[in-house]
Amino acid sequence: MSFSPATVSLHGRHLIEASAGTGKTYSIANLFLRLLLEPHPSQTNNQPLLVDQILVVTFTNAATDELRGRIRKKIEAALQCFRGGNSSDAFIEQYARDCLSSDDDRRLACERLYSALLLVDDAAIFTIHSFAARAIQTFLFETGALADVEVKIGGSDRDAQHLDDITRLLAMGEHSNLGVFLSERGVNSGGYAAAINAFLKRSGIHVLHSSIDLEDFVARYEKRRDELLKERDRLTKSWTYIDTNAKENAGLINEALQEIGGESSSRNIKDCIKFMNDKFSVIHDGFIFGKTQRVVFETPNADSLTGLAKDLYCRVKNLSDFNANEEKFKKSVSVGLSALLALLEQRRLRMDLAQMQPDDVIHLLNEKLQDPQAADILRNALTKQYPVCMVDEFQDTDPDQFRMFDQLYQNTKDLGLFAIGDPKQSIYAFRGADVFSYLDVKSKVNPNNIHALDINFRSKQGVIESVNALFAEASHACAEQPVFVYPGIEYAPVYSCEQPPADSGLESQSRGIYRVDKKEPASLVFVGYEGETSQTLNNLLPIYAKDCAERILALLHGKECAAVEKDGVEFPVKAGDIAVLVSDYK
């Protein structure tokens with residue numbers, strides 16, 4: 001459903017999917033303006049919210065500065081319009097016509113906006129980490145933090161210290177047996193812990209701590225290992241007969257194979273014989289047994305077998321049982337790795353309440369919001385201060401950040417949570433962003449409260465049509481998966497402001513005319529090289545780099561130089577107007 005900032009409910013949980021160039025920040029400012037002017041169910045007597053009660057969070061300080069500036073300009077423009085001036089802002093003009101029909105309405109709106117303008121520097125516009133830090137410093141009693149808590153926003157060597165501690169524990173401390181166990185399995189404790197640490201931070205998973213005693217587990221593991229090694233030695237000796245007499249008794253063995261069960265079983269057993277010879281031809285270290293062979297055969301007349309056939313069948317059956325036990329044994333290794341995972345999680349989450357990192361703060365808030373004794377107190381305190389929250393670039397939240405907002409705004413009957421973003425632009429996995437958090441939110445939102453900003457104000461009609469065609473979802477009959485892989489991130493076509501939909505109420509807005517050699521060129525061009533299928537990537541890169549450079553040179557200085565006409569004035573295309581996007585630094 002297309003998003004309408006003029007009519008959308010100001011409470012409840014909403015998801016606003018905003019493709020690039022569709023006016024996301026403009027829409028946030030419009031919502032902010034309405035919240036300052038309209039009754040809100042969270043307030044006594046349904047009063048509008050004050051400027052410091054509307055929480056807006058985003059990811060960078062630069063983004064908070066931009067949001068604050070845009071909201072300030074929106075309030076200023078609305079105040080000027082409501083006082084009788086003119087405004088070029090279509091939303092403000094429409095709001096004045098539809099919602100402020102009387103002089104008293106305009107006067108009251110002007111009073112509220114003037115007060116908001118004086119206090120706009122106190123507006124609750126933060127990065128997510130800054131919000132969490134402010135929450136924990138403001139609500140010390142509810143969170144259990146210390147009064148002199150210092151929250152460091154920035155880099156830290158805390159994770160490195162945790163990894164060093166764990167490596168020492170596994171080498172010589174209380175969990176040294178686990179360290180030996182892992183090293184013999186080929187697991188480097190430091191490297192594995194580092195990888196798991198990054199995984200934990202990215203996915204925000206909750207580790208279920210096992211009641212298994214680690215030392216007891218290692219002891220049982222070693223006992224089972226020794227039993228398997230003895231079984232392997234017995235099988236090795238047993239198969240020596242088959243191995244040493246295979247050539248001399250080839251005819252007898254083939255007859256035995258036929259007696260066991262025909263061609264299929266014969267082939268399987270021959271494979272087993274070769275596998276066993278390969279398997280036991282080298283001495284293993286007692287931990288890594290090598291590849292496990294799955295032995296599958298059916299012999300309905302097994303009980304009636306005699307002589308060599310019975311002997312051969314029993315040996316293969318023993319191999320089958322051994323491999324099944326070996327496979328179970330290998331799977332037990334995951335218990336040891338899980339133990340390391342739990343140990344790392346335990347160390348990572350030990351927080352120094354006097355000096356916390358941003359992720360510590362969010363984790364502490366989440367813990368308190370799950371504590372039966374503290375959850376309601378903390379939630380009520382924060383949502384009383386911030387009855388409405390707008391999360392900008394929501395696709396870049398990590399699971400812990402999402403969980404924090406999800407728990408804070410569980411009851412959205414009188415509160416408001418607006419998640420604004422575009423899952424197609426989720427590009428910050430390296431800092432913990434998880435697009436599945438976005439999809440989780442989408443699954444919890446009433447379909448009537450999922451909105452789309454679907455008019456692009458940045459690009460020309462031809463570009464929009466080209467992109468829509470490029471990413472168009474296949475028909476249900478032949479679609480194997482969405483264009484962007486995951487269900488819930490389907491591509492939704494957008495409109496250009498040059499040709500907005502009739503029901504939008506918007507007039508056409510020209511984005512100028514782009515010409516090359518006095519003609520409008522194609523909006524999307526694919527460039528190919530005749531012999532590219534037989535070339536390596538390293539050979540192709542210089543070819544395409546040269547082609548790109550020559551095209552840019554022609555646009556700037558060639559006979560077919562490019563120009564843009566806007567409002568009747570033509571401007572030549574400059575080098576700074578051209579963007580070149582590449583996949584890496586090569």
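Quick note: structure is the one above.
The structure presented is a predicted model; accordingly, all values stated were derived computationally and were not measured. (Residues numbered from 1 in each chain as written. Predicted model: local features only at pLDDT ≥ 70, side-chain atom pairs only at ≥ 80, totals over all residues. Heavy atoms only, no water.)

J.: Just checking my understanding: could you explain the environment of glutamine 47 for this structure?
T.: Relative to the helices and strands, glutamine 47 is located in the loop between α1 (24-37) and β2 (54-58). In this structure glutamine 47 comes out as partly exposed when scored by relative accessible area, which is 39%. Glutamine 47 sits 10 residues away from leucine 37 along the chain, and the two C-alpha atoms are 8.7 Å apart. With sequence-adjacent residues up to four places away left out, glutamine 47 is seen in contact with Glu38, Pro39, His40 and Arg112. (Helix = DSSP H or I, 4+ residues; strand = E, 2+ residues; numbered from the N terminus. Buried < 20%, exposed > 50% of the residue type's maximum accessible area, 1.4 Å probe, protein only. Contact = heavy atoms within 4.5 Å.)

J.: Explain the sheet that holds strand β6 (residues 388-391) here, please?
T.: Taken in spatial order, the six strands make up an open sheet running β3-β2-β6-β7-β1-β8, and their pairing is parallel. Whereas interior strands pair on both sides, the edge strands pair on one side only; in this sheet they are β3 (125-127) and β8 (450-453). Within the sheet, the average angular offset between the axes of one strand and its neighbour, ignoring direction, is 20°. Examined bridge by bridge, β2 and β6 share four bridges and lie parallel to one another. Each residue of the ladder has a partner; that of isoleucine 54, found in β6, is valine 388. Those strands touched by helix α2 (residues 61-82) are β2 and β3, and its axis lies near 170° from that of β3. Across the sheet, helix α17 (residues 435-444) touches β1 (12-18), β7 (416-421) and β8, and the angle it forms with β1 is around 130°. (Pairing = 2+ DSSP bridges. Axes fitted to C-alpha atoms, helices over the stretch in contact; angles between N-to-C directions.)

J.: Could you clarify how one ought to interpret the sheet that holds strand β13 (residues 569-572) in this entry?
T.: Consider a sheet: its strands pair through backbone hydrogen bonds, and that pairing is either parallel or antiparallel. The sheet built from three strands is open, its strands ordered β11-β12-β13 with antiparallel pairing. Edge positions in the sheet fall to β11 (513-516) and β13, since each of these pairs with one other strand and no more. Averaged over all neighbouring strand pairs, the angle between strand axes comes to 25°, with direction disregarded. Bridge analysis of strand β12 (residues 562-566) against β13 gives four bridges, and the strand direction is antiparallel. When the bridges of β13 are listed, valine 564 appears paired with phenylalanine 571.

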